[in-house]
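So the chains spell out like this:
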Amino acid sequence: MMAAARLPHRVLEVLFSYLDISDLRSCSLVCKNWYRFLNDENNDVWRLHCVRKLAEEALKSDLLSNVPTYKAKLRAFYHAWNPNDCSKNVYIKPNGFTLHRNPVAQTTDGARGKIGFKTGRHCWEVWWEGPLGTVAMIGLMTKDSPVQCQGYFPLVGGDNNSWGWNLVDNHLIHNGDSQGNYPPLNNAPKYQVGERIRVILDCEDNTLAFEKNYEFLGVAFRGLPNTQLYPAVSAVYGNTEVSMVYLGPPLDG
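Residues numbered from 1 in each chain as written. Predicted model: local features only at pLDDT ≥ 70, side-chain atom pairs only at ≥ 80, totals over all residues. Heavy atoms only, no water.

As for the overall build of the protein
- A tally of helices and strands in the protein yields 7 helices and 15 strands.
- In the protein, which comprises 253 residues, the proportion classed as buried is 53%.
- Taking contacts inside the protein between residues at least 6 apart in sequence as the whole, the part at least 24 apart equals 64%.
- Carbon and sulfur atoms provide 51% of the accessible area of the protein, an area that totals close to 12200 Å². (Helix = DSSP H or I, 4+ residues; strand = E, 2+ residues; numbered from the N terminus. Buried < 20%, exposed > 50% of the residue type's maximum accessible area, 1.4 Å probe, protein only. Contact = heavy atoms within 4.5 Å. Areas by Shrake-Rupley, 256 points an atom, 1.4 Å probe, with all protein chains shown as cover.)

Here it is in structure tokens:
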């Protein structure tokens, strides 16, 4: 093992490129040299894993423009929409980060991210690529919340296990009830299609907040439960698309 720890970086790149992500995590604990090497988020190991896992469309488009390193892009992929945890009227596009809602009348359709959070602080971006319709919710769900219902309904926020912001009318919804306007301003500007909303979950303070155009809008929900919480959206408009990219801990100091 002592000899392996001193292998040149070029050799480590080749060896580590054949391992899966869980093995790389274990390797980073072997010695300081391997830890420092794998902590370089832009080295060829992470680049090769990105090329293998991520669609070429995702890597070449501006979808991941706010995710600076190869390791961070890979992390975002593992946190993206879960194709096995969404409405039957929704499918995840080949880029892996964008959901498409089929044009089905009188239903509300949602999706959850692949990974939920119970500890730490987390930030991700969500943006609509198409009309909002009458209800366009962004927020959090537990695994107990449904991802599809009949009618046009604020599905994210519609029960006691979800918390959502309706981008159409700037209302916060929880347990099916309005929690007031958000952001708490008179005549706050409405969401424009294509704007990236940053969602900020603080599991230590049990709060959910949002940011738009790099402006912090304030805490939206307090007193979140100490349970696994998943990024979630719900949509009602046919053929609308919603993208989500995980960024990691919020960079607010």
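A closer look at the nonpolar core
- One finds Phe97, Trp124, Trp128, Ile138, Trp165 and Phe210 to be the most contacted residues of the largest nonpolar core, which totals 51 residues.
- Trp165 has contacts with Ala136, Met137, Ile138, Asn170, His171, Leu172, Tyr182, Pro183, Ile197, Phe210 and Leu217, leaving out every residue within four places of it along the chain.
- Counting residues in hydrophobic clusters, the runner-up holds 10 residues, among them Met137, Cys149, Ile173 and Ala232. (Core = buried A, V, L, I, M, F, W, Y, C linked by side-chain atoms within 4.5 Å.)

Section: the sheet that holds strand β13 (residues 215-221)
- What the 7 strands build is an open sheet, ordered β2-β3-β15-β5-β11-β12-β13; its pairing is antiparallel. Looking at the sheet topology across the chains shown, the edges are occupied by β2 (90-92) and β13. Sheet twist, expressed as the mean angle between neighbouring strand axes with direction ignored, is 25°. (Pairing = 2+ DSSP bridges. Axes fitted to C-alpha atoms, helices over the stretch in contact; angles between N-to-C directions.)

Considerations on empty space enclosed by the protein
- Using the criterion set out here, one finds 1 cavity of 30 Å³ or more in the structure.
- Approximately 30 Å³ is the volume attributed to the largest cavity.
- Phe117, Lys118, Leu201, Asp202, Cys203, Asn206, Leu224, Pro225, Asn226, Thr227 and Leu229 are the residues that line the largest cavity.
- Of the residues contributing to the lining of the largest cavity, the split by class is 6 nonpolar, 3 polar and 2 charged. (1 Å grid on protein atoms, 1.4 Å probe; cavity = no way out; pocket = protein on both sides within 12 Å on 5 of 7 lines; lining within 4 Å. Points joined across faces, edges and corners; volume = space filled by probe spheres on them. Nonpolar A, V, L, I, M, F, W, Y, C, P; charged D, E, K, R; others polar.)

Brief notes about the pairing of strand β14 (residues 230-235)
- The element β14 is extensively covered by neighbouring structure, given that 6 of its 6 residues are classed as buried.
- Of the two faces of β14, the one lined by Tyr230, Ala232 and Ser234 and the one lined by Pro231, Val233 and Ala235 are each fully buried.
- With 4 bridges joining them, strand β4 (residues 107-113) and β14 adopt antiparallel strand pairing. Along β14, the bridge assignment pairs Arg112 with Ala232.

Description of the packing of aromatic side chains
- Inspection of every chain in the model, using the stated rule, returns 7 aromatic pairs.
- Ring geometry for Phe117 versus Tyr246: centroids 5.7 Å apart, planes at 20°, classification stacked. Here Phe117 is found in the loop between β4 and β5 (121-128), whereas its partner Tyr246 is found in strand β15 (residues 241-248), with 129 residues between them in sequence.
- Put simply, the rings of Phe77, Tyr78 and Phe97 touch in pairs and so form one group of aromatic residues.
- Lying over the aromatic face of Phe77, Lys114 brings its terminal NZ or CZ to 4.1 Å of the ring centre.
- Directly above the ring of Tyr230 sits Lys143, whose terminal nitrogen or CZ lies 4.9 Å from the centroid. (Phe/Tyr/Trp six-rings, centres within 6.5 Å; stacked < 30°, edge-to-face > 60°. Lys NZ or Arg CZ within 6 Å of the ring centre and 35° of its normal.)

The quantities given are spatial measurements derived from coordinates; they are silent on function.
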